[in-house]
Amino acid sequence: MSKLWLICRLAGRDIRRRPVQAALLLLAITAASATLTMGLALRGVTHHPYQRTRAITNGADVVAQLGGGPALTTLGGPKSTPPPNGTKQVTAQARALAGAPGVTEHSGPYLVAGAVLRVGKLASTAQIIGTSQVPATVNHPALTTGSWVRPGGVVLERTFADALGVGVGDRITLNGRPFRVAGIAVTAASTPYPNLCFWASAFCPASLPTHNVPDSGPGLGWVTQPDARLLAVADGGASAYVEYLKLSDPANAQVFATAFDRAHPAFERPIEHPEFGFLPSLTPWQQFATEAGLLVQDEQQVLTPGAWLLALLAMASVAVLAGGRMAEHTRRVGLLKAVGGTPGFVAGVLLAENVLLALASAAAGLAIGWLAAPLITSPGAGLVGAPGAPSLTVLTAGEVVAVALAVALASTALPAFRAARTSTVGALADAARAPRRRAVLIRASARLPVPLLFGLRLVARRPRRAILGAVSIAVTVTGVVAVLAFHAQADQHIGRYTELSNPVVSRDEQMLLVITIALLALSALNAICTAWATVLDARHASVLARALGASLRQVSAGLAAAQVLPALLGAIIGIPLGIGLFAAASHAGHVSVPGVGWLIVTVLGTLVAVAALTMIPARMGGRRPVAEVLRREA
Amino acid sequence: MSQTVNESMLRARGLRKEYGREASLVRAVDGVDLDVPAGETLAVMGPSGCGKSTLLHLLGGLDRPSAGEIWLAGQRIDQMSERGMAALRRDAVGFVFQAFHLMDELTAVENVELPALLAGRSPRAARQRATELLDQVGLADRARHLPSQLSGGQRQRVAVARALANAPLIVLADEPTGNLDSEATLDVLQLFESLHEAGQTLVIVTHDARIAATADRLISMRDGAFVDDTRLTGGTGNKLSALIGLDG
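Residues numbered from 1 in each chain as written. Chains lettered and ligands numbered in written order. Predicted model: local features only at pLDDT ≥ 70, side-chain atom pairs only at ≥ 80, totals over all residues. Heavy atoms only, no water.

## Side note on the overall build of chain B
Thought 1: The secondary structure content of chain B amounts to eight helices and 10 strands.
Thought 2: Of the contacts formed within chain B by residues at least 6 apart in sequence, a portion of 70% connects residues at least 24 apart.
Thought 3: Just so you have it, chain B exposes about 10400 Å², and 44% of that area is on carbon and sulfur atoms. (Helix = DSSP H or I, 4+ residues; strand = E, 2+ residues; numbered from the N terminus. Contact = heavy atoms within 4.5 Å. Areas by Shrake-Rupley, 256 points an atom, 1.4 Å probe, with all protein chains shown as cover.)

## Here we look at the sheet that holds strand β7 (residues 170–174) of chain B
Residue and element names in this part refer to chain B.
Thought 1: In spatial order, the strands read β6-β7-β8-β3-β9-β10; together these six strands make up an open sheet with mixed pairing. Both edges of this open sheet fall to β6 (93–96) and β10 (225–231), since each of them pairs with a single strand only. Direction aside, neighbouring strands of the sheet carry axes that sit 15 degrees apart on average.
Thought 2: Packed onto the sheet, helix α1 (residues 52–59) meets β3 (41–45), β6, β7, β8 (201–206), β9 (217–222) and β10 and runs at close to 155 degrees relative to β7. (Pairing = 2+ DSSP bridges. Axes fitted to C-alpha atoms, helices over the stretch in contact; angles between N-to-C directions.)

## Some remarks on the pairing of strand β2 (residues 103–119) of chain A
All names here are of chain A.
Thought 1: Taken together, the seven bridges between β2 and strand β9 (residues 240–247) define a ladder with antiparallel strand orientation. What sits directly across from Val112, in β9, is Ala240.
Thought 2: Bridging between β2 and strand β3 (residues 122–131) involves eight bridges; their strand directions are antiparallel. The residue of β3 that forms the bridge with Leu117 is Ser124.

## Some remarks on the sheet that holds strand β4 (residues 67–72) of chain B
Within a sheet, adjacent strands bond to each other through the backbone by hydrogen bonds, running parallel or antiparallel.
Residues and elements named next belong to chain B.
Thought 1: As summarised here, the arrangement of the four strands in space is β2-β1-β4-β5, forming an open sheet in which the pairing is antiparallel. Two strands close off the open sheet at either side, each with one partner strand: β2 (26–37) and β5 (75–76).
Thought 2: For strand β1 (residues 8–19) and β2, the ladder comprises nine bridges, and the chain directions are antiparallel. Counted as the bridge partner of Lys17 is Val29 from β2.
Thought 3: Sheet strands touched by α1: β1, β2 and β4. Its angle to β1, the strand with the most contacts, is close to 120 degrees.

## Brief notes about the nonpolar core
Thought 1: Grouped together as the largest cluster of nonpolar side chains are 64 residues, with contacts concentrated most on B:Leu59, B:Leu72 and B:Val203.
Thought 2: Core analysis: the second largest hydrophobic core is formed by 62 residues, A:Val62, A:Val138, A:Val223 and A:Leu231 among them. (Core = buried A, V, L, I, M, F, W, Y, C linked by side-chain atoms within 4.5 Å. Buried < 20%, exposed > 50% of the residue type's maximum accessible area, 1.4 Å probe, protein only.)

## Topic: empty space enclosed by the protein
All names here are of chain A.
Thought 1: For the structure shown, the criterion picks out seven cavities of 30 Å³ or more.
Thought 2: For the largest cavity, the calculated volume is near 170 Å³.
Thought 3: Surrounding the largest cavity, 18 residues form its lining, Arg465, Gly469, Thr530, Ala562 and Gln563 being those nearest its centre.
Thought 4: For the lining of the largest cavity, the elements supplying multiple residues, two or more each, are α16 (450–461), α17 (463–495), α18 (503–537), α20 (552–586) and α21 (596–622).
Thought 5: In terms of residue class, the lining of the largest cavity is made up of eight nonpolar, eight polar and two charged. (1 Å grid on protein atoms, 1.4 Å probe; cavity = no way out; pocket = protein on both sides within 12 Å on 5 of 7 lines; lining within 4 Å. Points joined across faces, edges and corners; volume = space filled by probe spheres on them. Nonpolar A, V, L, I, M, F, W, Y, C, P; charged D, E, K, R; others polar.)

## Thoughts on the pattern of salt bridges
Residues and elements named next belong to chain A.
Thought 1: Considering all chains together, one arrives at 22 salt bridges over all chains under this definition.
Thought 2: A salt bridge links Asp537 to Arg462; the nearest nitrogen and oxygen atoms lie 2.8 Å apart. Of this pair, Asp537 sits in helix α18 while Arg462 sits in the loop between α16 and α17, placing them 75 residues apart in sequence. (Salt bridge = Lys/Arg side-chain N within 4 Å of Asp/Glu carboxyl O.)

## Describing helix α13 (residues 413–421) of chain A
All names here are of chain A.
Thought 1: The complete set of buried residues in α13 reads Ala416, Ala419 and Ala420. Buried residues of α13, viewed axially, fall in a sector of 100 degrees; they line one side. Among the exposed residues of α13, those pointing more than 90 degrees away from its buried face are Leu414 and Arg421. (Arc of directions from axis to C-beta.)

## Digging into the side chain of A:Thr530
Thought 1: The residue A:Thr530 is located in helix α18 in this model.
Thought 2: Not counting the four nearest positions on each side in its chain, A:Thr530 is found in contact with A:Val320, A:Arg465 and A:Gln563.

## Looking at the confidence of the model for chain A
Thought 1: Mean pLDDT over chain A works out to 76, with 76% of the residues at or above the 70 mark.
Thought 2: Predicted confidence for residues 197–210 of chain A stays below pLDDT 50, and this span has 41 contacts to residues more than four positions away or in other chains. (pLDDT = per-residue confidence, 0-100.)

## Side note on the side chain of B:Glu113
Thought 1: With respect to the helices, strands and loops of the structure, B:Glu113 is situated in helix α3 (residues 108–118).
Thought 2: In contact with B:Glu113, not counting residues within four places along its chain, are B:Pro123, B:Ala126, B:Arg127 and B:Ala130.

## Things to note about the interface of chain A and chain B
Thought 1: At the junction of the two partners, chain A supplies 29 residues and chain B supplies 28 residues.
Thought 2: Summed over both sides, the interface of chain A with chain B buries roughly 2600 Å², with 64% coming from carbon and sulfur.
Thought 3: The largest contributions to the chain A side of the interface with chain B come from A:Arg437, A:Leu544 and A:Leu548, which together make up 23% of the buried area.
Thought 4: At the junction of chain A and chain B, the tally comes to three salt bridges.
Thought 5: We note a salt bridge from A:Arg461 to B:Glu105, for which the minimum N-O separation is 3.0 Å.
Thought 6: At the level of elements, α16, α19 (539–547), α20 and α22 (626–633) of chain A are the ones that each hand at least two residues to the side of chain A that touches chain B.
Thought 7: No other element matches the six residues that α19(A) contributes to the side of chain A that touches chain B.
Thought 8: Split by residue class, the side of chain A that touches chain B holds 16 nonpolar, four polar and nine charged. (Buried area = accessible area lost by both parts, 1.4 Å probe.)

## What about unusual backbone geometry?
Of all residues except glycine, most have a negative phi; of all peptide bonds, most are trans.
Thought 1: Phi is positive for B:Phe100, close to 65 degrees, though the residue is something other than glycine.
Thought 2: Mapping B:Phe100 onto the fold places it in the loop between β6 and α3.

## Describing the environment of B:Ala130
Residue and element names in this part refer to chain B.
Thought 1: Within the secondary structure layout, Ala130 lies in helix α4 (residues 123–136).
Thought 2: Between the C-alpha atoms of Ala130 and Val112, which are 18 residues apart in sequence, the distance is 5.4 Å.
Thought 3: Contact partners of Ala130, with chain neighbours within four places excluded, come to Val109, Val112 and Glu113.

## Things to note about a positive patch on the surface
All names here are of chain A.
Thought 1: Taken together, the side chains of Arg418, Arg421, Arg436, Arg438 and Arg464 define a basic patch exposed on the protein surface.
Thought 2: Considering the arrangement of structural elements, one finds Arg436 in the loop between α14 (424–429) and α15 (439–445).
Thought 3: You can call Arg436 partly exposed: its relative accessible area is 37%. (Patch = residues over 30% accessible without salt bridge, like charges linked within 9 Å, V, L, I, M, F, W, Y side chains within 5 Å. Lys, Arg positive; Asp, Glu negative; His and termini not counted. Charge placed at Lys NZ, Arg CZ, Asp CG, Glu CD.)

## Structural notes on the environment of B:Glu175
All names here are of chain B.
Thought 1: Here Glu175 lies in the loop between β7 and α6 (182–197).
Thought 2: It is 8.4 Å that separates the C-alpha atoms of Glu175 and Ser53, two residues lying 122 residues apart in sequence.
Thought 3: Residue contacts for Glu175: discarding those within four places in its chain leaves Lys52, Gln98, Val205, Thr206 and His207.

## Examining the packing of aromatic side chains
Thought 1: This structure, assessed with the given rule, holds four aromatic pairs over all chains.
Thought 2: Between A:Trp148 and A:Trp222 the ring centres are 6.0 Å apart and the planes differ by 45 degrees, which places this aromatic pair in the tilted class. Of the two residues, A:Trp148 sits in the loop between β4 (142–146) and β5 (153–157) while A:Trp222 sits in strand β8 (residues 219–224), which places them 74 residues apart along the sequence. One exposure class covers both A:Trp148 and A:Trp222, and it is buried.
Thought 3: Note on B:Phe95 and B:Phe97: the rings are 5.7 Å apart at their centroids and 10 degrees apart in plane angle, and the pair reads as stacked. Grouping residues by exposure puts B:Phe95 and B:Phe97 together as buried. (Phe/Tyr/Trp six-rings, centres within 6.5 Å; stacked < 30°, edge-to-face > 60°.)

## A closer look at a nonpolar patch on the surface
All names here are of chain A.
Thought 1: Taken together, the side chains of Ile528, Trp532, Leu536, Ile616 and Met620 present a nonpolar region at the surface, about 450 Å² in accessible area.
Thought 2: Those elements that place two or more of their residues in the nonpolar patch are α18 and α21.
Thought 3: For the nonpolar patch, the leading source of residues is α18, giving three residues.
Thought 4: With respect to the secondary-structure elements, Met620 resides in helix α21.

Here it is, written out as structure tokens:
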């Protein structure tokens, strides 16, 4: 116990002796820990808001689509689409479902008309449900503002209204007919815009765009039943119906739907039944609950790889910072061994410092992540209620602490154990680490201008540091290219079709911006630390080059070149990695490649940034008088 | 700026180098006047800390004086820009240090060719010149050895070859034998003697009287100032071994 206390005291003293380095390490690991915490804290945050929305709307346990006429495909779909069921068949289906075992209440069936909504220059497809002016008992959308439907008055689902930028009192047209927005509402019986297509595939258009209307997915609205019939007529008369069912055992909604599915094997898509017409399509409420979480799931898809990228960068930071400290520890190792410290004790002292910093970083990261999580866990406009404090379980905390410790130890354990094994006399002599010799690079550099000659030889002296620099830049460029790929995909698949703001894309953009800023900040920190380490290590080589006739500018440019050359390699490697990361994270079937211009700007921008960041320590390091350094190094 | 000042290769007037301020002011070099004619071997001698190394650094453009003027081959160098000083060190001055200051990761021939590469020579020309110089200092067979694989004397001979890479006007040597045993000292002094015979201007700083005795002229230094300036008769007269106690 006393030995452990001594190790901790020695580690604490050393941290206090080099507060800046310790602070930088803390910062790097904290950034990764906080991002990881936020990613993990997003688990299940939409559960509470969905339940609340479901409660206040008396949400349906099962939503049945009847009639089979794919409402939206009629907008411009193939003329071979089978005609919908007649009213009699729909009524028969609705009655059969309402009387099915386990069903306690129902509302509907309601006519669903496909419509083209226009407001100003914006246009979008929409599914408009014809409903009674008196709110139904089962699934009555909850008004967040305004009033319920009236003749000529439409109520819009909140995420759809937000995307359109309309509010109560605004004028819109549906299939060319003028309407005034009477209210804005939320519902637990559909998925919010723009993911309404998840609701039931049959409702979604098979081809885009329709009627020259750009579309990223239909929105949802409610009008009176007569208005809905007029819209359906204007659309060619094809229509679908929706019926809302309450079950005696809501938890068994999935079982109810599955039983129906088993009884009628062609459940997935409405198909023509010889006696019953088109079969109803049933969706249990649990599916809506899951789909309500898509917004946050998308955030997790961004945050999780982002956290891993930050962890990798933090690992590179730790390797540079702690690696440099390990080199400074040589004499300390000798002193500890000289007074009787065993190799295990010495390794313990060297590692304890990083373990303490990692634990402090993990605690800070958990706190920051937990406090920041509510900022990104808003359930979106489609639901009401706040998610409450994100869950910070023992498992989450354990994962974050484990990652922080792994980041700290992965790059320092080996140097620590190596230092513990060095001879006492050798360590006391504090001999500088001999530089590596790379004959090929030395030969190749002879043909280059002086700054590149010097830079390449510095790379050859410390190849591991150059690799770390390249990895750091590769990770950053991977993140940046993944962001560019995201925007390229958004432009290709959303921006081309619609001018409406997409809440999922907007939230993803915010997350990506935060992650990108964190990546760039950590990468800049890495570049400066690596440059400092190089400047210190190359002190003798720099002054000697100057003594032999190299100018200060040439030496400074050479020191910068020693950072830029690995950065160039890292930037080039980062491009395919970024494209691959986005493809993997987005589970996209195809690969989105950012524009060549953007990729060139990314690589050049990275190199300019690295050069600028490293010129500062390079110039400062180069200012020391040659004679003074030569005297000291003698 | 270029002015012709008699036939001196190196000339200094009122040269001063100060460190610190007021109570802690130290005059490392204190009002030195110096003329070194072309082809002369000058030894500067004095105890440790008397300012002789600082003087050498000022004369070679490694450091800037607090006051005074320095002229090299008729060109005033103390007011040169940093870039001009770098060019001067590259083309006109060759340095030999007590601690050798070789690049550990470069072989002997790579160390010797480095100043030529910094001067923009082609790799082929730089390598050829380096090989010739290593041959001249008797290390042709050690060209591909790393400094760690060479003895102290051999390392210093590599350093001398490096100093000659760009055919400098003057070679400045700071305690060139300070880290060497007697035999290696003899090797280096013989090398300097051959340079002297070839007409190379040499300034050697040392605290060893036996080394100083090999020069054409000896200046004694104390507390940053010259206290004695003696012309020696005819250099070593091929009696180097006897001078440093290896002979008879």
